[in-house]
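Inside the fold
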Amino acid sequence: MTEASAQVVEKIDIHEIIKMIPHRYPFLLVDRIVDVIPGESGVGIKNVTYNEPFFPGHFPGRPVMPGVLIVEAMAQTAGALVLKALGSAAHGVLVYFMVIENARFRKPVEPGDRLELHVVKTRHRGKVWKFDGVAKVDGAVVAEASFSAMIDDAKE
């Protein structure tokens with residue numbers, strides 16, 4: 001790892017995230033990324049509110065964030081880290097899910113929770129990046145997964 005790649009960026013705010021990834025409401029699932037080491041790791045933050053569009057149907061009377069959306073939030077965090085690492089070379093590319101492995105869901109995520117999405121790159125070869133992700137609430141693991149993504153040119 002070079003000295004430049006080891007430089008920690010304090011955070012990636014919502015304005016920069018919106019410039020990096022194409023997701024928008026109701027599917028933008030990361031509000032901020034902190035403790036960033038470009039191309040290596042970071043912690044996405046999702047402030048879960050009762051106003052999330054999935055809560056009325058999942059589940060009425062006992063709102064729980066769907067596990068697949070927790071994994072998606074990890075992937076969005078990883079995607080932003082990839083694009084941050086690519087810098088100007090990221091212009092006109094998208095990051096696509098390829099594989100989700102070993103997904104485990106440990107505890108429910110509810111309105112009022114602050115979801116921390118810890119992602120670490122485990123491999124990068126060509127256009128393919130692999131990450132391990134661990135989602136936490138108040139320090140407790142709520143979900144984990146390994147996943148791969150591919151960068152490709154955006155089709156217009």
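For the structure itself, look to the data block above.
As a starting point, this report considers the structure included with it. What you are looking at is a predicted structure, and each value in this text was computed from that prediction instead of being measured.

**Details of unusual backbone geometry**
- The amide bond that connects Y25 to the next residue, P26, takes the cis arrangement and shows omega of 5°.
- Mapped onto the fold, P26 is located in the loop between α1 (14-20) and β2 (32-37).
- For D35, which is not glycine, the phi dihedral falls at a positive 50°.
- Along the polypeptide, D35 turns up in strand β2.
- The backbone of N102 sits at a positive phi, close to 55°, despite the residue not being glycine.
- Residue classification places N102 among the exposed residues on the basis of a relative accessible area of 54%.

**Comments concerning the nonpolar core**
- Core analysis: the biggest nonpolar cluster contains 39 residues, and I33, M65, I70, M74, V109 and L115 have the highest contact counts within it.
- Contributions of two or more residues to this core are made by α1, β2, α2 (67-86), β5 (114-125), β6 (128-137) and β7 (140-153).
- Beyond its immediate chain neighbours, meaning those up to four positions away, M65 contacts V48, F54, F55, H58, I70, V109 and L115.

**Some thoughts on the environment of H15**
- For H15, the location among the structural elements is in helix α1.
- Here the alpha-carbon distance between H15 and D31, two residues 16 residues apart in the chain, equals 9.2 Å.

**Points about the sheet that holds β2**
- With antiparallel pairing, the 7 strands of this open sheet are ordered in space as β1-β2-β3-β5-β6-β7-β4. Either end of the sheet is taken by a strand with one partner, and the two such strands are β1 (9-12) and β4 (93-105). Taking each pair of neighbouring strands and ignoring which way they run, the sheet shows an average axis angle of 25°.
- Pairing between β4 and β7: 10 bridges, direction antiparallel. Within the sheet, the bridge partner assigned to V99 lies in β7 and is S148.

**Focus: the layout of surface pockets**
- Estimated volume of the largest pocket: approximately 220 Å³.
- Contributing to the lining of the largest pocket are 18 residues, with H23, A75, G79, V95 and Y96 lying nearest its centre.
- Mapped by element, the contributors of at least two residues to the lining of the largest pocket are α2, β4 and β7.
- No other element matches α2, which puts 7 residues into the lining of the largest pocket.
- Partitioned by chemical class, the residues of the lining of the largest pocket number 14 nonpolar, 3 polar and 1 charged.

The rules we used
- Residues numbered from 1 in each chain as written.
- Predicted model: local features only at pLDDT ≥ 70, side-chain atom pairs only at ≥ 80, totals over all residues.
- Heavy atoms only, no water.
- Helix = DSSP H or I, 4+ residues; strand = E, 2+ residues; numbered from the N terminus.
- Buried < 20%, exposed > 50% of the residue type's maximum accessible area, 1.4 Å probe, protein only.
- Core = buried A, V, L, I, M, F, W, Y, C linked by side-chain atoms within 4.5 Å.
- Contact = heavy atoms within 4.5 Å.
- Pairing = 2+ DSSP bridges.
- Axes fitted to C-alpha atoms, helices over the stretch in contact; angles between N-to-C directions.
- 1 Å grid on protein atoms, 1.4 Å probe; cavity = no way out; pocket = protein on both sides within 12 Å on 5 of 7 lines; lining within 4 Å.
- Points joined across faces, edges and corners; volume = space filled by probe spheres on them.
- Nonpolar A, V, L, I, M, F, W, Y, C, P; charged D, E, K, R; others polar.

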